[in-house]
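Coordinate analysis (summary)
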Amino acid sequence: MGIFSFLSRKPVIMEDGFFGRLTQESCDFSASRVCWYAESVLFTPIGDTIMCMIDAESTSSLLAQCSFFKQFEELYSEVLQKIRLIVESEVQWMALDVPIIDFEMTHRLAGLTIPQLTSKPVKWELWFEPVDTQQWGYTVIVDMIDNIPQPGIGISA
């Protein structure tokens, strides 16, 4: 092995029954934490695929993260309404030139992070991309309170 052999390291790939093909993005051996990247996961409420960054313990299965994803699918329309209000008020506050007339028509959910659920407080992100180039993309930070998503704690454009 050469001194730069870490540069040609093969990626760690795992097949999951729910999330599909996962690529290991990072690993924190001291905390036994692994971050997996899923490029294409069907998100039923929008009828399309999204990307997922999944934090998990390296030795555990992804059952808790799968349950989190399914719970979010059920709550998506309720959470989306809160996010829409937050984004629209942020746009007004920033006085952007391109007003958002209908957030759901101008943006699509592109991905989300699924946190390691054993650590508290649980924070995660969703990101929305514009359907055209006239809009901004948005990342929304979400807190969980008693296993209920609470959007609006933070937002960045």
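Definitions and cut-offs
Residues numbered from 1 in each chain as written. Predicted model: local features only at pLDDT ≥ 70, side-chain atom pairs only at ≥ 80, totals over all residues. Heavy atoms only, no water. Helix = DSSP H or I, 4+ residues; strand = E, 2+ residues; numbered from the N terminus. Buried < 20%, exposed > 50% of the residue type's maximum accessible area, 1.4 Å probe, protein only. Contact = heavy atoms within 4.5 Å. Salt bridge = Lys/Arg side-chain N within 4 Å of Asp/Glu carboxyl O. pLDDT = per-residue confidence, 0-100. Phe/Tyr/Trp six-rings, centres within 6.5 Å; stacked < 30°, edge-to-face > 60°.

1. Quick notes on the overall build of the protein
- Counting its secondary structure elements, the protein contains 2 helices and 8 strands.
- Written out in order from the N terminus, the α and β elements of the protein read β-β-β-β-α-α-β-β-β-β.
- Put simply, the protein has 157 residues, and 36% of those count as buried.
- Taking the intrachain contacts of the protein between residues at least 6 apart in sequence as the baseline, contacts between residues at least 24 apart amount to 43%.

2. Examining the pattern of salt bridges
- By the definition in use, this model includes 4 salt bridges.
- Measuring nitrogen to oxygen at the nearest pair gives 3.9 Å for the salt bridge that ties E78 to K82. Taken together, the residues E78 and K82, both in helix α1 (residues 63–94) and 4 residues apart, mark about one turn of the helix.
- Relative accessible area serves as the criterion here: at 43%, E78 is assigned to the partly exposed category.
- Judged by its relative accessible area of 35%, K82 falls in the partly exposed class.
- Through salt bridges that share partners, D48, R108 and E129 make up one connected network.

3. Concerning the confidence of the model for the protein
- In this model, the protein carries an average pLDDT of 78, and 70% of its residues clear a pLDDT of 70 or more.
- Low pLDDT, under 50, characterises residues 153–157; the stretch is placed with 15 contacts to residues that sit more than four places away or in other chains.

4. Focus on the environment of T44
- Secondary-structure assignment places T44 in the loop between β3 (33–43) and β4 (48–57).
- Distance in space between the C-alpha atoms of T44 and E74 is 9.2 Å, their sequence separation being 30 residues.

5. Side note on the environment of I54
- The residue I54 is located in strand β4 in this model.
- On a C-alpha basis, the gap between I54 and I114 in space is 4.7 Å, while along the polypeptide they are 60 residues apart.
- Residues within four places of I54 in sequence aside, it is in contact with F19, L22, V34, C35, W36, A38, L62, Q65 and I114.

6. Here's the deal with the packing of aromatic side chains
- Applying the stated criterion across every chain, the model contains 9 aromatic pairs.
- Seen from their ring centres, F19 and F69 are 5.9 Å apart, and the 85° between their planes marks the pair as edge-to-face. Separated by 50 residues along the polypeptide, F19 in the loop between β1 (13–16) and β2 (20–28) and F69 in helix α1 bring together distant segments of the chain. The pair F19 / F69 is uniform in exposure class, with both members buried.
- Members of the aromatic cluster, each reached through a chain of ring pairs, are F18, F19, F43, F68, F69, F72, Y76 and W124.

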